[in-house]
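Secondary and tertiary structure notes
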Amino acid sequence: MELQEPTFKEVVLMYRMAAPLEGNRAGPGGAGPLILKSFHDIPMADLEMIFPEVRITVKFQDMLVNVSLVLVALSAFVWTLMSGVQWSVEVITLISVLVGKVAQSAAGLMAAQTRYTGMMARALQAKSANSQVGLLMHLMESMEDQECKEMILAYCVLSGRGKSMTLREMDAACEGLLRDRFGLSVDFDVESAVAKLMCEGLVEQRAGVLYAAIPLRQALKRLDTKWDNIFSYRDDGGDAAAAAVVVEAEGARAVRYQTVEATLQQSLAATDAERAQVVHRLREQQEDIAHRIDTLEGAMMGYKWRTG
């Protein structure tokens, strides 16, 4: 027998802090920064665990046991005071046992709360995927990957049919392919895919509502030309020119290092001179203070003190 629990494969959490962080500028309405986090494989029962400002609370059953023990201990103590029972060894022992049991139960609750907090922190660390800028980059890469797959699927369907198709026919064909081949029931965004293909020059519009894919060899040639022209290429003279550029850069770096070293030496020399002047002034002040002390001691020795 195998138990399966509903689990979220990926959860993206976005919230704004109530107050800005120390040293940061406040957001709209005086609120704090916007926080983005992503988690994976989160059970549905533990979904609240990833929410911000989660507090670990004690179970009602444990709280009821502790409250009952406290009430029993207080009742025994009050009954002892009101009934006039002598404080015998048995009564003191009973009350001590009750107080010890209450303290033990409270300590157990605090230890369990600390243990649950540690377990939750370890679980969050293990299931945390990304946050802030990393999450934004992951989302953009996922969107780009999804759009690229949509374009490839739409072009393959058009090219495989070998004839012009309307948007509705393409949408039905793409959704049918995904359903029959991969068992996925999705709503394919054919308008966006065709618009991107037309922007790249891989699909042509005919008779207003019909679309046809250009031949594969021609499409590859267009993509290759666009890829080659993304970055401008300039012939710099080959290896000799590259070596000359490297030598020139090394020479400039050496001159810069020598200049920095000379500047540092001048700064150190100036610092040493200032330090010598300060030491000289301190020495003069020390000698002056010693001279004044000697003068004061001579004056005090010449003074006749009255005793007795």
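The text that follows walks through the structure, step by step, so that each part is easy to find.

**A short note on the overall build of the protein chain**
If you tally the helices and strands in the protein chain, you get 7 helices and 5 strands. Going from N to C terminus, the protein chain has its helices and strands arranged as β-β-α-α-β-α-α-α-β-β-α-α. When the 308 residues of the protein chain are sorted by exposure, 18% land in the buried category. For the protein chain, restricting intrachain contacts to residue pairs at least 6 apart in sequence, the fraction spanning at least 24 positions comes to 58%. Accessible area for the protein chain stands at about 24400 Å²; split by element, carbon and sulfur atoms hold 60% of it.

**Points about the pairing of strand β4 (residues 203–206)**
One ladder, built from 4 bridges, connects β4 with strand β5 (residues 210–213); its direction is antiparallel. Counted as the bridge partner of Glu 204 is Ala 212 from β5.

**What to know about the nonpolar core**
Across soluble globular proteins, nonpolar side chains show a tendency to be buried alongside one another. Counting residues in each nonpolar core, the largest one holds 22 residues, and the members touching the most others are Leu 158, Met 170, Phe 188 and Leu 197. Among the secondary structure elements, those contributing two or more residues to this core are α3 (133–161), α4 (167–182), α5 (190–199) and β5. In this structure, Met 170 is in contact with Ala 154, Leu 158, Met 165, Val 190, Val 194 and Tyr 211, ignoring residues within four places of it in sequence.

**Re the packing of α4 against α5**
Interhelical geometry of α4 versus α5 gives an angle of 110° and a closest axis separation of 10 Å. When the axes of α4 and α5 are compared, the pair comes out roughly perpendicular. Here α4 runs over α5; the crossing is right-handed. Packed against α4, whose contacting residues are Leu 167, Met 170 and Asp 171, the element α5 presents Val 190, Glu 191 and Val 194 at the interface. For the contact of α4 with α5, a count of residues per class yields 4 nonpolar, no polar and 2 charged.

**What to know about the pattern of salt bridges**
A side chain of one charge can pair with a side chain of the opposite charge if their charged atoms are brought near each other. In this structure the tally under the stated criterion is 4 salt bridges. Its salt-bridge partner being Lys 226, residue Glu 200 comes within 2.6 Å of it at the nearest N-O pair. Taken as a pair, Glu 200 in the loop between α5 and β4 and Lys 226 in helix α6 (residues 216–228) lie far apart in primary sequence, 26 residues in all. Put simply, Arg 292 and Asp 288 hold a salt bridge, and the shortest N to O gap is 3.4 Å. Of this pair, Arg 292 and Asp 288 both sit in helix α7 (residues 239–301), separated by 4 residues, roughly a single helical turn.

**What about α5?**
Taken residue by residue, α5 has Val 190, Ser 192, Ala 193, Val 194 and Leu 197 as its buried positions. Where the residues of α5 are buried, they touch α3, α4, β4 and β5.

**Describing α4**
With 16 residues, α4 extends 22 Å between its outermost C-alpha atoms, agreeing within 8% with the 22 Å of an ideal straight helix rising 1.5 Å per residue. Buried within α4 we find Met 170, Asp 171, Ala 173, Cys 174, Glu 175, Gly 176 and Leu 178. Here the buried face of α4 lies against α3, α5 and β5. Just beyond α4, the residue with positive phi is Gly 183, at close to 70°.

**Things to note about unusual backbone geometry**
Unusually for a residue other than glycine, Asp 41 sits at a positive phi of about 55°. Among the secondary structure elements, Asp 41 is positioned in strand β2 (residues 34–43). We classify Asp 41 as partly exposed; its relative accessible area is 39%.

**A closer look at the state of the cysteines**
Put plainly, two cysteines are in a disulfide when a covalent bond ties their sulfur atoms together. In the structure shown here, the tally under the stated rule is 0 disulfides. The cysteine Cys 174 is free of any disulfide, with Cys 156 supplying the nearest cysteine sulfur at 9.2 Å. Under the relative-accessibility criterion, Cys 174 is labelled buried at 0%.

**Some words on the environment of Leu 197**
Within the fold, Leu 197 resides in helix α5. For Leu 197, a relative accessible area of 1% puts it in the buried group. In the structure, Leu 197 is positioned 49 residues away from Cys 148 in sequence and 9.9 Å away in space, judged by C-alpha atoms. If sequence neighbours within four positions are ignored, Leu 197 has contacts with Met 151, Ala 154, Tyr 155, Leu 202 and Val 203.

How each quantity is defined
Residues numbered from 1 in each chain as written. Predicted model: local features only at pLDDT ≥ 70, side-chain atom pairs only at ≥ 80, totals over all residues. Heavy atoms only, no water. Helix = DSSP H or I, 4+ residues; strand = E, 2+ residues; numbered from the N terminus. Buried < 20%, exposed > 50% of the residue type's maximum accessible area, 1.4 Å probe, protein only. Contact = heavy atoms within 4.5 Å. Areas by Shrake-Rupley, 256 points an atom, 1.4 Å probe, with all protein chains shown as cover. Pairing = 2+ DSSP bridges. Core = buried A, V, L, I, M, F, W, Y, C linked by side-chain atoms within 4.5 Å. Axes fitted to C-alpha atoms, helices over the stretch in contact; angles between N-to-C directions. Parallel < 35°, antiparallel > 145°, perpendicular 65-115°, else oblique. Left-handed = near helix turned anticlockwise from the far one by under 90°. Nonpolar A, V, L, I, M, F, W, Y, C, P; charged D, E, K, R; others polar. Salt bridge = Lys/Arg side-chain N within 4 Å of Asp/Glu carboxyl O. Expected span 1.5 Å × (residues − 1). Disulfide = S-S within 2.5 Å.

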